[in-house]
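# Coordinates in review
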Amino acid sequence: MPKKIIGFSKLSREEKIDWLSKNFFDNSNQAKSILDIYLNSNKDIQAIHDSFSENSVSNFYLPYSLSPNFLINDKNYTIPLVTEESSVVAALSNSAKFWFDKGGFKAKVKSLIKRGHIHLSFDGNIDVLKEFIDNNRSDILKSTDNLTMNMKKRGGGISAIDIIDKTSELKNYFQLSVDFNTSDSMGANFINSCLEAMAKKIDELSKQYDGFIKNCFNLNIVMSILSNYTPDCIVEAHAECNIDDLIDINGTNSNDFAKKMKYAFDIAKIDINRAVTHNKGIMNGIDAILIATGNDFRAVEAGIHAYASSNSKYESLSECTITDNKFRLGIKIPLSIGTVGGITDLHPLVKLSLKMLGNPSSRDLMCIIACVGLAQNFAAIKSLITSGIQHGHMKMHLINLLIKYNANKDQIIRAEKYFADKEINSSSVFEFIKSHK
Ligand code: MEV
């Protein structure tokens, strides 16, 4: 076991790798040679990547893929996607192609408010705290002036502040809840900086306020942070067609197909086992475009899953309805994302992704992302209720298994033919390689 190391971040890249090799790779060259292969030969590009994270010693590649033919609000998009799951892009592209001729996807942003909180402990009555905040509202807001100045020019800023009494759930616990419009940025840094400035001002004022608030009621700032729960930053998307237009799907009777799909969606509404997996399918597409556009997928994941539980029970995020001859899929999700700030101005591939999408506003990107989620969801359920998911999935996964078993070029070509009509799994591929030397 290695000894605790102090000052690791201060070591040079070479020293970090030496330490790693000594402690985990028998002093061999193994780690260094792999880490070096993944370094970018362009020094400027490498420097950009090194700047993204502390202790960075190499890069971690994931495929960067394209999914064309996405008709969204009557515009034809090609979607950039970063994912390692082999069948995701193929399924998404089929879905986009299918909906293209049926009018594509329509999407609309319903609300754009993001929220942050100053978490307070206060040993007094809410009216006293409210009065203190109300009397000092303009000073508290003024403390953010240098931060909000540019944001205001872009139509954003702070739109509301409110004291929330949480003492029934936790002794002395209050929140100062602050609403933000962050324009085209995701705004995490902006929100957190504003909250910290406001918290500092509140602390200062509470000491001055005749010493009253601080001394008598022990007002204490616990922490100031944005919330990744964003139920007021919502986008809705849908796609619809005549039931008869579903005829080209796997040759199934279109009425039966529509009913079966609706039933599958209904199952996900009422059963948590299915809802979580159904939503994971949606996130396959959403995470992939979030990464390609430089957005914080962890924040979106956290917000979306919390939203899925907002009816006190975890539910699916999308629904399927059939009215007369109309088949409709819809999704409603919170999406706190941005198209400026963060790594959007730094990462060359992120810049490329945004350009490909027509340098969208954050509203436009919210619409695109919601449609990608819905399209991915349709593709997954379509497979599940027809051929089953493994057919397409394992077809795409075959190459991974072949590489894992060190197949040569000739074996790969033969395997692709051989497995066209046979079951693909780890042992069948292993047997194939053994018997086709
Ligand atoms: C696999 O990554 C995603 C699915 O499980 C989604 C679903 O079941 O709806 C196929």
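None of these values were measured; they are calculated from a predicted model. (Residues numbered from 1 in each chain as written. Predicted model: local features only at pLDDT ≥ 70, side-chain atom pairs only at ≥ 80, totals over all residues. Heavy atoms only, no water.)

## Points about the overall build of the chain
Inclusion rule: Counting from the N terminus, the helices are the DSSP runs of H or I reaching at least four residues and the strands are the DSSP runs of E reaching at least two. Between buried and exposed lies partly exposed: a residue is buried under 20% and exposed over 50% of the maximum accessible area for its type, with that area taken using a 1.4 Å probe on protein chains only. Under the counting rule used here, the positive set is Lys and Arg, the negative set is Asp and Glu, and His together with the chain ends is not counted. A charge is said to be at NZ when it belongs to Lys, at CZ for Arg, at CG for Asp and at CD for Glu.
The helix and strand tally for the chain stands at 16 helices and 10 strands. Once the C-alpha set of the chain is aligned to its principal axes, its extents read approximately 85 × 70 × 40 Å. By the burial criterion, 43% of the 437 residues in the chain qualify as buried. In the chain, the 51 positive side-chain charges and the 49 negative ones have mean positions that sit 4 Å from each other.

## A closer look at the packing of helix 6 (residues 145-153) against helix 7 (residues 188-208)
The condition that has to hold: Angles shown run from 0 to 180 degrees and are taken between the N-to-C directions of axes, each axis being a line fitted to C-alpha atoms and, for helices, limited to the stretch in contact. With the far helix as reference, a near helix turned anticlockwise by less than a right angle produces a left-handed crossing, and one turned clockwise produces a right-handed crossing. Any two residues whose heavy atoms approach within 4.5 Å are treated as being in contact. In the scheme used here, Gly and all other residues not listed as nonpolar or charged are polar, with Ala, Val, Leu, Ile, Met, Phe, Trp, Tyr, Cys and Pro taken as nonpolar and Asp, Glu, Lys and Arg as charged.
One can describe the packing of helix 6 onto helix 7 by two numbers: an axis separation of 9 Å at closest approach and a directional angle of 145 degrees. Between helix 6 and helix 7 lies a crossing of left-handed hand. Of helix 7, the residues touching helix 6 (which contributes Leu 147, Thr 148 and Met 151) are Phe 190, Ser 193, Cys 194 and Ala 197. Taken together, the residues of the contact of helix 6 with helix 7 sort by class into 5 nonpolar, 2 polar and no charged.

## Notes on the sheet that holds strand 9 (residues 318-323)
Sheets are built from strands that pair by backbone hydrogen bonding, the pairs being arranged parallel or antiparallel. The following threshold applies: Whether two strands pair comes down to DSSP finding at least two bridges between them.
If you walk across this open sheet you meet the 4 strands as 3-8-10-9, and the pairing is antiparallel. Only two strands of the sheet have a single neighbouring strand rather than two, namely strand 3 (106-109) and strand 9. Across the sheet, the axes of successive neighbouring strands diverge by a mean angle of 20 degrees, strand direction being ignored. As defined by bridge partners, strand 3 adjoins strand 8 (residues 234-242) across 4 bridges and the pair is classed as antiparallel. Residue pairing across strands places Val 109 opposite Val 235, the latter belonging to strand 8. Across the sheet, helix 9 (residues 254-270) touches strand 9 and strand 10 (326-334), and the angle it forms with strand 9 is around 140 degrees.

## Let's talk about the site of the ligand
Just so we agree on the cut-off: Whether a residue is near a molecule or strand is decided by its heavy atoms; if any one of them lies within 4 Å of it, the residue is near. In the analysis that follows, any N or O atom pair within 3.5 Å is treated as a polar contact, provided that within protein one partner can donate a hydrogen and the other can accept it, and provided that, for residues neighboring in sequence, both atoms belong to side chains. The method behind every accessible area is Shrake-Rupley, applied with a 1.4 Å probe, and residues are considered shielded solely by the protein chains displayed. Using a grid of 1 Å spacing that covers the protein atoms alone, one calls a set of points a cavity when a 1.4 Å probe fits there but cannot get out, and a pocket when the set is open and has protein on both sides within 12 Å along at least five of seven lines; lining residues are those with an atom within 4 Å of a point. More than half of a molecule's atoms within 2 Å of the grid points is what it takes for that molecule to sit in a cavity or pocket.
The local shell around the ligand consists of Glu 85, Arg 274, Thr 277, His 278, Lys 280, Gly 281, Asn 284, Ala 380, Ile 381, Leu 384 and Ile 389. In the model, an oxygen atom of the ligand is placed 2.7 Å from a nitrogen or oxygen of the Arg 274 side chain. For the ligand, an oxygen atom lies 2.7 Å from a polar atom in the side chain of Lys 280. Contact with the protein chains hides 84% of the accessible area of the ligand, taken as 300 Å² for the molecule alone. Taking a 2 Å distance to the grid points as the criterion, the majority of the atoms of the ligand fall inside the second largest pocket. Sorting the residues of the shell around the ligand by element identifies helix 10 (272-292) and helix 13 (362-385) as the ones contributing at least two each. Residue composition of the shell around the ligand, grouped by class: 4 nonpolar, 4 polar and 3 charged.

## Describing the packing of aromatic side chains
For the record, the criterion: Stacked, tilted and edge-to-face are the three classes assigned to paired rings of Phe, Tyr and Trp, where Trp is represented by its six-membered ring and a pair needs centres within 6.5 Å; plane angles under 30 degrees give stacked, over 60 edge-to-face, the rest tilted.
Counted by the stated rule, this structure contains 14 aromatic pairs. An angle of 90 degrees between the planes, with centres 5.2 Å apart, marks the rings of Phe 98 and Trp 99 as edge-to-face. As far as the burial class goes, Phe 98 and Trp 99 line up, both buried. Arranged with centres 5.9 Å apart and planes meeting at 80 degrees, the rings of Phe 180 and Phe 190 form a pair that is edge-to-face. Remark: Phe 190 occurs in helix 7 and Phe 180 occurs in strand 6 (residues 173-181); sequence separation between them is 10 residues. On the accessibility criterion, Phe 180 (0% relative accessible area) is buried.

## Quick notes on the domain arrangement of the chain
How we decide: An automatic or database domain assignment provides the domain bounds reported here. Note: buried area is the sum, over both parts, of the accessible area (probe 1.4 Å) each one loses when the two are combined. Here, a salt bridge means any side-chain nitrogen of Lys or Arg that lies within 4 Å of a carboxyl oxygen of Asp or Glu.
When cut into domains, the chain gives domain 1 (8-51), domain 2 (64-110 + 232-387), domain 3 (114-226) and domain 4 (393-435). On a C-alpha basis, the centroid separation for the pair domain 2 and domain 4 is 31 Å. For the pair domain 2 and domain 4, the summed buried surface comes to about 330 Å²; carbon and sulfur atoms form 59% of the total. For the pair domain 2 and domain 4, the interface holds 0 salt bridges. The interface formed by domain 2 and domain 4 contains 0 residue pairs in polar contact (both at pLDDT 80 or more). Residues belonging to the side of domain 2 that touches domain 4 are distributed by class as follows: 1 nonpolar, 2 polar and 1 charged.

## Observations regarding the layout of surface pockets
This is how it is decided: Grid points are joined across faces, edges and corners, and a volume is the space filled by probe spheres set on the points.
Counted as a void, the largest pocket has a volume near 1,200 Å³. Lining the largest pocket are 37 residues, and of these Phe 52, Ile 291, Ile 343, His 347 and Val 350 lie nearest its centre. When residues of the lining of the largest pocket are traced back to their parent elements, those giving at least two are helix 3 (43-52), helix 7, helix 10, helix 11 (297-308) and helix 12 (348-356). Residue classes in the lining of the largest pocket are distributed as 19 nonpolar, 16 polar and 2 charged. There is about 670 Å³ of room inside the second largest pocket. Lining the second largest pocket we find 31 residues, and of these Ser 87, Ala 91, Ala 379, Ser 383 and Ile 389 sit closest to its centre. Examining the composition of the lining of the second largest pocket, we find that 8 residues originate from one element, helix 13, more than from any other.

## Thoughts on the pattern of salt bridges
Summed over all chains, the structure comprises 18 salt bridges. Glu 240 serves as the salt-bridge partner of Arg 328, at 3.5 Å between the closest nitrogen and oxygen. With Arg 328 in strand 10 and Glu 240 in strand 8, this residue pair connects regions lying 88 residues apart in the sequence. The class for Arg 328 is partly exposed, based on a relative accessible area of 32%. Residue Arg 414 is joined to Asp 410 by a salt bridge in which the shortest nitrogen-to-oxygen separation is 3.1 Å. With Arg 414 and Asp 410 both in helix 15 (residues 409-418) and 4 residues apart, this pair spans about one turn of that helix.

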